[in-house]
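Structure assessment
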Amino acid sequence: TVGQALRWVADLRAAASKPLLRFLAAHAADPAEAARLRHLSSRAGKEEYAAHVVAAGRGAAELLQEMPSLSPPLGGLLELLPRLAPRYYTISSSPSLDRTTLHLTVKVLREPFRDAPHRTKLGVCSTQLEAAAAGRSVVAFVRRSSFRLPRDGATPVVMVGPGTGIAPFRAFLQEMRVAAAEGRGRTGPTRLYFGCRHARGDYLYEDELAAAVEGKLLGTLRCAFSRDGARKVYVQDLLREDGREVWSLLGCRGGHLYICGGTAMGREVVLALQRTAVEHGKLSEAEAAAFVSRMEGEGRLVKELWS
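Computed from a prediction, not measured in an experiment: that's the story for all the values here. Residue positions are counted from 1 within each chain, in the order its sequence is given. Reporting in this predicted model follows two pLDDT cut-offs: at least 70 for local features of residues, and 80 or more for side-chain atom pairs to be given and counted; totals over whole chains, interfaces and linings ignore these cut-offs and use all residues. Here the side-chain values reflect all heavy atoms present in the structure, with hydrogen atoms and water set aside.

Points about the overall build of the protein
Heads up, the rule is: Secondary structure follows DSSP: runs of H or I at least 4 residues long count as helices, runs of E at least 2 residues long count as strands, and numbering of each begins at the N terminus. Accessibility here uses a 1.4 Å probe with only protein chains present; expressed as a share of the type maximum, an area under 20% marks a residue as buried, one over 50% as exposed, and anything in between as partly exposed. Any pair of residues with heavy atoms lying within 4.5 Å of one another is described as a contacting pair. All accessible-area figures derive from a Shrake-Rupley calculation using a 1.4 Å probe, and residue coverage is judged against the displayed protein chains alone.
Within the protein one finds 14 helices and seven strands. Projected onto its principal axes, the C-alpha coordinates of the protein cover approximately 70 × 50 × 40 Å. Expressed as a percentage of its 307 residues, the buried residues of the protein come to 39%. Restricting to contacts in the protein with at least 6 residues of sequence separation, those with at least 24 account for 71%. As displayed, the protein offers around 17,200 Å² of accessible surface, 52% of which is attributable to carbon and sulfur atoms.

This is the structure we're talking about:
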């Protein structure tokens, strides 16, 4: 149906393209609204288009609300609207513990646009999940993950997941708990680096992580609360502080490093690893970069990052 196409297929919030603006202008009953849309789609309106539409995130839905004289035919509108891209979330539960449910760890996106701070950016998927009542169906699919614990239980594991990046490592810990209960517990060292702004209010799964440490599933838990101290501290800073131990696990004992979270954080963690290889592994800069590349090639460095 048209309703299903608009809700599940077309992206009504994506910044409107210039062809879409010209199409809307051709179906505006108000000459002033038509002229405004034509100007935004023209060369003369290039800067205004960048500020008013792109930076401010104005999509078709908002333009139709702002300009009541618009009455575009649905067929043409659907043809010009961008396709709604799927939003990917890392699963934060293990089927080893419960095969009947699947957990997600989602940040509800509701924040100012970077280049238009007077306007609020709303997450297309996260706000729908927030508003969904218990029992309501959602459109979803599962794709294969690259996150796998090493088969050898003696292999060291280092996990870095600030914020909602904790998701796959919560799943890892659940898997470890089941394996331990069945007598297949890991014997290698496990370290988790978690970060958030404030320990109070932002510390996701605090009780579960404390229980994992208490139950010896997690050997080391390092937390960076970036806004609680006199200076900002992030997971990459803790990784650098622990350079000697980290190099022993990854450089000397063939450990695996898993990183989940924002792209900027992931980049800084990899740089921290390279610096650790130089300082504690006595490698040159080129050798350290080659070491990181080799880890990736061997499947010992796995990243799941988003911007």
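Some details on the sheet that holds strand S6 (residues 256-262)
Rule in force here: DSSP bridges decide pairing: two strands pair if at least two such bridges lie between them. Between N-to-C directions, angles span 0 to 180 degrees; the directions come from axes that are lines fitted to C-alpha atoms, helices contributing only their stretch in contact.
Spatial ordering of the open sheet is given by S5-S4-S3-S6-S7, a layout of five strands whose pairing is parallel. Unpaired on one side and paired on the other, strand S5 (220-225) and strand S7 (301-306) mark the two borders of the sheet. Within this sheet the neighbouring strands show an average axis-to-axis angle of 10°, counted without direction. When strand S3 (residues 157-160) meets S6, the two strands line up parallel, connected through four bridges. By the bridge assignment, Met159 is partnered in S6 with Tyr258.

Details of the packing of helix H3 (residues 31-40) against helix H4 (residues 46-55)
Note the following rule: Between 65 and 115 degrees an angle is taken as roughly perpendicular, under 35 as roughly parallel, over 145 as roughly antiparallel, and anywhere else as oblique. Under this grouping Gly is polar, as are all residues other than the nonpolar Ala, Val, Leu, Ile, Met, Phe, Trp, Tyr, Cys and Pro and the charged Asp, Glu, Lys and Arg.
Two elements in contact, H3 and H4, have axes whose closest approach is 8 Å; the angle formed by their N-to-C orientations is 110°. Here H3 lies roughly perpendicular to H4, going by the angle between them. Counting all contacts with H3, which are made through Arg36, His39 and Leu40, the residues of H4 involved are Glu48, Tyr49, His52 and Val53. Its residues placed into classes, the contact of H3 with H4 shows three nonpolar, two polar and two charged.

As for the environment of Ala29
Inspection of the secondary structure assignment puts Ala29 in the loop between helix H2 (18-25) and H3. When its relative accessible area of 65% is taken as the criterion, Ala29 is described as exposed. Separated by 236 residues in sequence, Ala29 and Met265 place their C-alpha atoms 49 Å apart.

Quick notes on unusual backbone geometry
Unlike most non-glycine residues, Tyr205 shows phi in positive territory, near 55°. Residue placement: Tyr205 occurs in the loop between helix H9 (199-202) and helix H10 (206-214). Unlike most non-glycine residues, Lys216 shows phi in positive territory, near 70°. Mapped onto the secondary structure, Lys216 falls in the loop between H10 and S5.

Description of the nonpolar core
Put simply, the test is: As used here, the term nonpolar core means buried Ala, Val, Leu, Ile, Met, Phe, Trp, Tyr and Cys residues forming a set that is joined through side-chain atoms within 4.5 Å.
Membership of the largest hydrophobic core comes to 26 residues, with the highest contact counts inside it found for Val160, Tyr193, Leu257 and Ile259. Take this core: its biggest share by element is seven residues, from helix H13 (residues 263-279). With near-sequence residues (within four places) excluded, Ile259 lies in contact with Phe147, Val160, Phe169, Met265, Gly266, Val269, Val270, Leu301, Val302, Lys303, Glu304 and Leu305. If you look at the next biggest cluster of nonpolar residues, it comprises 20 residues, including Phe147, Val157, Phe194 and Cys196.

What about the state of the cysteines?
Stated precisely, the cut-off is as follows: Here, a disulfide means two cysteine sulfur atoms that sit within 2.5 Å of each other.
Scanning the model with the defined rule gives zero disulfides in all. Cys125 carries a free sulfur, and the closest cysteine sulfur to it, the one in Cys260, is 16 Å from it.

What to know about the layout of surface pockets
Counted only if it meets this: Definitions used throughout: a 1 Å grid over protein atoms alone; a cavity as a set of points that fits a 1.4 Å probe which cannot get out; a pocket as an open set with protein on both sides within 12 Å along at least five of seven lines; a lining residue as one with an atom within 4 Å of a point. Grid points are joined across faces, edges and corners, and a volume is the space filled by probe spheres set on the points.
What the second largest pocket holds in volume is close to 210 Å³. What lines the second largest pocket is Leu6, Arg7, Ala10, Asp11, Leu12, Arg13, Ala61, Leu84, Val124 and Gln128. Put simply, the parts of the chain that give the lining of the second largest pocket at least two residues each are helix H1 (2-9) and helix H7 (124-131). The class makeup of the residues in the lining of the second largest pocket is six nonpolar, one polar and three charged.

A short note on helix H14 (residues 285-297)
Spelled out, the test is: Helix span, as expected, comes to 1.5 Å for every residue beyond the first. Arc, as used here, means the arc of the directions from the helix axis to the C-beta atoms.
Here H14 is 13 residues long and its end C-alpha atoms lie 19 Å apart, about the 18 Å a rise of 1.5 Å per residue gives. Of the residues making up H14, those classed as buried are Ala288, Phe291, Val292 and Met295. All buried residues of H14 fall inside an arc of 95° around its axis, so they share one side. Facing away from the buried side of H14, by more than 90 degrees, are the exposed residues Ala286 and Gly297. For H14, the elements touching its buried residues are helix H12 (243-252), S6, H13 and S7. Two residues or fewer past H14, Gly299 is found with a positive phi of approximately 75°.

What to know about the packing of H2 against H3
Quick note on the threshold: Put simply, a crossing is left-handed when the front helix is turned counterclockwise from the back one by less than a right angle, and right-handed when it is turned clockwise.
H3 packs onto H2 with a crossing angle of 160° between their chain directions and a minimal axis gap of 8 Å. When the interaxial angle is binned, H2 and H3 end up roughly antiparallel. Along this stretch, H2 crosses H3, giving a crossing that reads as left-handed. Packed against H2, whose contacting residues are Lys18, Leu21, Leu24 and Ala25, the element H3 presents Ala34, Leu37, Arg38 and Leu40 at the interface. Per-class residue counts for the contact of H2 with H3 are six nonpolar, no polar and two charged.

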